[in-house]
2 protein chains.
Amino acid sequence: MLYVNACWPTLVDMTAGPPPRRSDATRSRILRSARTEFAVAGYDRATIRGIAAGADIDPSLVMRYFGSKADLFDAIVEIDLRLPNLAKVPRRRLGETLVSHFLTRWEGDPADDALLTLLRSAATDENAANRMRGIFRHQLVAALVDIVSDPAEAATRAGLIATQMLGLALCRHIVRLPPVVALEKATLIEFVGSTIQRYVTADLRGLKC
Amino acid sequence: MLYVNACWPTLVDMTAGPPPRRSDATRSRILRSARTEFAVAGYDRATIRGIAAGADIDPSLVMRYFGSKADLFDAIVEIDLRLPNLAKVPRRRLGETLVSHFLTRWEGDPADDALLTLLRSAATDENAANRMRGIFRHQLVAALVDIVSDPAEAATRAGLIATQMLGLALCRHIVRLPPVVALEKATLIEFVGSTIQRYVTADLRGLKC
């Protein structure tokens, strides 16, 4: 363990940057602890003190590496949805492909739950909500522009997809409604995949089955 | 304005209950302020001090009336979904009826946003998430039992409905994704109504269109 006196920040040149030795390991340890803390507590409740405790270092060192809770949060939630190249997916399988992609990310081992962390925080934090809108626009809408029949409809279709996929994340992983938690991944891919398929390909002036 | 000295709580018998005069008006004023504070800030960030300021009274009086922030929150979010009698709705209109019902409640004048307040809080507060599971089970699942072809499927169907409706609430009212905010109510009733219709009535072993 790296022991750092609580008075340490007042004694050193704060512009000197992170210490040259062990810096990557320390940085990784802070990020790992922050990821857990933000995921469990959400942005509002997470504390630098708690993150430091989880990383087994002094809180001042967390601030030295990342500047603020907000900056640390930004470093955690650099979210790349890593959407597959939808142009190469058979058209009738777009819905199930998208649902399968998100479920695999949220429920993989290790789970890539940065989006869930951001979602949890976005409910009460405007900064997090703004990041979510950016991810939506730059990644989901952008991916749909290439594959929808009318690019002018890409944003609306992406919006409808978001209502279903974020609602699924919310009910399965955050609010944890028992029947939604109980559904098998394959069943969700089929049920919810049909909805997403419709939002991607059906005529927007008559989405009825 | 009812002026209450900050020292007041130490000078009176705290077991005596609310003051006999103006108590209903004060109670209403506290509830009104709390509703705003919880809706804007979410459970974690809302403070008794802020609620008291909004009601123009001393914080000690808020505690005297409601005991704690948690109890005050419970008083605010007594949520009755007030679902219409679904057994009287023509079967093919169940989807649009449900979507219309929720949109009208969320976007009416005055908006009945208790469910949105609870949703915002449920993202980071297990107590709020638990209340949400209770509302889901006692109201949505219960309403579906009477109208689905196989009552054993009511919970699963209600769960699927929740993923879509809570996701719509999240994207339109909390994260505020621009294309979702921009959609007309009538359009949403049509688009999302088709999804809900399918979750209520389609064969669960093959929900495809």
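Basis of the calculations
- Residues numbered from 1 in each chain as written.
- Chains lettered and ligands numbered in written order.
- Predicted model: local features only at pLDDT ≥ 70, side-chain atom pairs only at ≥ 80, totals over all residues.
- Helix = DSSP H or I, 4+ residues; strand = E, 2+ residues; numbered from the N terminus.
- Buried ≥ 20, exposed ≤ 12 C-beta atoms within 10 Å, placed from the backbone.
- Contact = placed C-beta atoms within 7 Å.
- Nonpolar A, V, L, I, M, F, W, Y, C, P; charged D, E, K, R; others polar.
- Domains from an automatic or database assignment.
- Least-squares fit on C-alpha atoms with pLDDT ≥ 70 in both.
- Axes fitted to C-alpha atoms, helices over the stretch in contact; angles between N-to-C directions.
- Parallel < 35°, antiparallel > 145°, perpendicular 65-115°, else oblique.
- Left-handed = near helix turned anticlockwise from the far one by under 90°.
- Expected span 1.5 Å × (residues − 1).
- pLDDT = per-residue confidence, 0-100.
- Arc of directions from axis to C-beta.

## Considerations on the overall build of chain A
And then number 1: Of regular secondary structure, chain A possesses eleven helices and zero strands.
And then number 2: Across chain A, helices and strands are ordered from the amino to the carboxyl terminus as α-α-α-α-α-α-α-α-α-α-α.
And then number 3: Put simply, chain A has 209 residues, and 42% of those count as buried.
And then number 4: Taking the contacts inside chain A whose residues are at least 6 apart along the sequence as the reference set, 65% of them involve residues at least 24 apart.

## Concerning the interface of chain A and chain B
One widely used convention gives an interface's size as the accessible area the parts lose upon coming together.
And then number 1: Taken together, the contact pairs 39 residues of chain A with 39 residues of chain B.
And then number 2: Tallying contributions element by element places helix H9 (residues 154-174) of chain A first for the side of chain A that touches chain B, with 14 residues.
And then number 3: Looking at the side of chain A that touches chain B residue by residue, the class counts come to 22 nonpolar, nine polar and eight charged.

## Quick look at the domain arrangement of chain A
Residue and element names in this part refer to chain A.
And then number 1: Along its sequence, chain A is organised into domain 1 (8-76) and domain 2 (86-201).
And then number 2: Computed over C-alpha atoms only, the centres of domain 1 and domain 2 are separated by 30 Å.
And then number 3: At the interface, seven residues of domain 1 touch ten residues of domain 2.
And then number 4: The set of elements that each furnish at least two residues to the side of domain 1 that touches domain 2 consists of helix H2 (23-45) and helix H5 (69-76).
And then number 5: Looking at the side of domain 1 that touches domain 2, the element that brings in the most residues is H2, giving five residues.
And then number 6: Its residues assigned to classes, the side of domain 1 that touches domain 2 shows five nonpolar, one polar and one charged.

## Examining the relation of the copies chain A and chain B
For the pair of chain copies, the relating operation is a rotation around an axis with a shift along it.
And then number 1: Under the fitted operation, chain A is carried onto chain B by 0.0 Å of movement along the axis and a turn of 180°, and the coordinates agree to an RMSD of 0.0 Å. Viewed as a symmetry operation, the transformation between the two copies matches a two-fold axis. Scanning chain A for the C-alpha nearest the rotation axis identifies Gly167 of chain A, at a separation of 1.7 Å.
And then number 2: Here 100% of the interface residues in chain A have copies in chain B that are interface residues too; the copies meet face to matching face.

## What to know about the environment of Ile196 of chain A
Residues and elements named next belong to chain A.
And then number 1: With respect to the secondary-structure elements, Ile196 resides in helix H11 (residues 185-201).
And then number 2: Of the residues examined, Ile196 has 24 C-beta atoms within 10 Å and is grouped as buried.
And then number 3: Considered as a pair, Ile196 and Arg93 are 103 residues apart in the sequence and their alpha carbons are 9.9 Å apart.

## As for the packing of H2 of chain A against helix H3 (residues 48-55) of chain A
Residue and element names in this part refer to chain A.
And then number 1: Axis separation between H2 and H3 bottoms out at 8 Å; the angle between their running directions is 125°. As the angle between them shows, H2 and H3 are arranged oblique. Pair H2 / H3 crosses with right-handed handedness. Taken together, the residues of H3 that come into contact with H2 (itself represented by Arg29, Ile30, Ser33, Ala34, Thr36 and Glu37) are Gly50, Ile51, Gly54 and Ala55.
And then number 2: Of the residues in the contact of H2 with H3, the class split is four nonpolar, four polar and two charged.

## Quick word on the packing of helix H7 (residues 114-122) of chain A against helix H8 (residues 126-145) of chain A
Residue and element names in this part refer to chain A.
And then number 1: Where H7 contacts H8, the axes come no closer than 7 Å and their chain directions differ by 130°. In this view, H7 runs oblique relative to H8, as classed from their interaxial angle. The two elements H7 and H8 cross, and the hand of that crossing is left-handed. Within the contact between the two elements, H7 uses Leu118, Ser121 and Ala122 and H8 uses Ala128, Ala129, Arg131 and Met132.
And then number 2: Classifying every residue of the contact of H7 with H8 gives five nonpolar, one polar and one charged.

## A few points about unusual backbone geometry
And then number 1: Even without glycine at this site, Arg82 of chain A takes up a positive phi of about 50°.
And then number 2: In the Ramachandran plot, Arg176 of chain B falls in the positive-phi region, its phi being about 55° despite a non-glycine side chain.
And then number 3: By C-beta crowding, Arg176 of chain B is classed as partly exposed, having 16 other C-beta atoms within 10 Å.

## Some words on the environment of Val180 of chain B
And then number 1: Relative to the helices and strands, Val180 of chain B resides in helix H10 (residues 178-182).
And then number 2: When the C-alpha atoms of Val180 of chain B and Asp58 of chain B are compared, they prove to be 41 Å apart, with 122 residues separating the residues in sequence.
And then number 3: Residues within four places of Val180 of chain B in sequence aside, it is in contact with Gly159, Ala162 and Thr163 of chain A together with Cys171 and Arg172 of chain B.

## Notes on H9 of chain A
Residue and element names in this part refer to chain A.
And then number 1: For H9, which comprises 21 residues, the first-to-last C-alpha distance of 28 Å matches the rise-based estimate of 30 Å (1.5 Å per residue) to within 8%.
And then number 2: Most of H9 sits out of view: 20 of its 21 residues are buried.
And then number 3: After H9 finishes, the residue Arg176 shows a positive phi value of roughly 55°.

## Focus on the environment of Leu103 of chain B
And then number 1: Along the chain, the position of Leu103 of chain B falls in helix H6 (residues 94-107).
And then number 2: Apart from the residues within four sequence positions on either side, Leu103 of chain B is in contact with Lys185, Leu188 and Ile189 of chain B.

## Brief notes about the confidence of the model for chain A
Residues and elements named next belong to chain A.
And then number 1: Chain-level statistics for chain A give a pLDDT mean of 84 and a share of 87% at 70 or above.
And then number 2: Scored below 50 in pLDDT, residues 1-21 makes 17 contacts in the model with residues more than four places away or belonging to other chains.
And then number 3: Confidence metrics for the complex model read pTM 0.72 and ipTM 0.72.

## Observations regarding helix H5 (residues 69-76) of chain B
All names here are of chain B.
And then number 1: Among the residues of H5, Leu72, Phe73 and Ile76 are the ones counted as buried. All buried residues of H5 lie within an arc of 100° about the axis, which places them on one face of the element.
And then number 2: In this fold, the buried residues of H5 make contact with helix H2 (23-45), helix H4 (59-66) and helix H7 (114-122).

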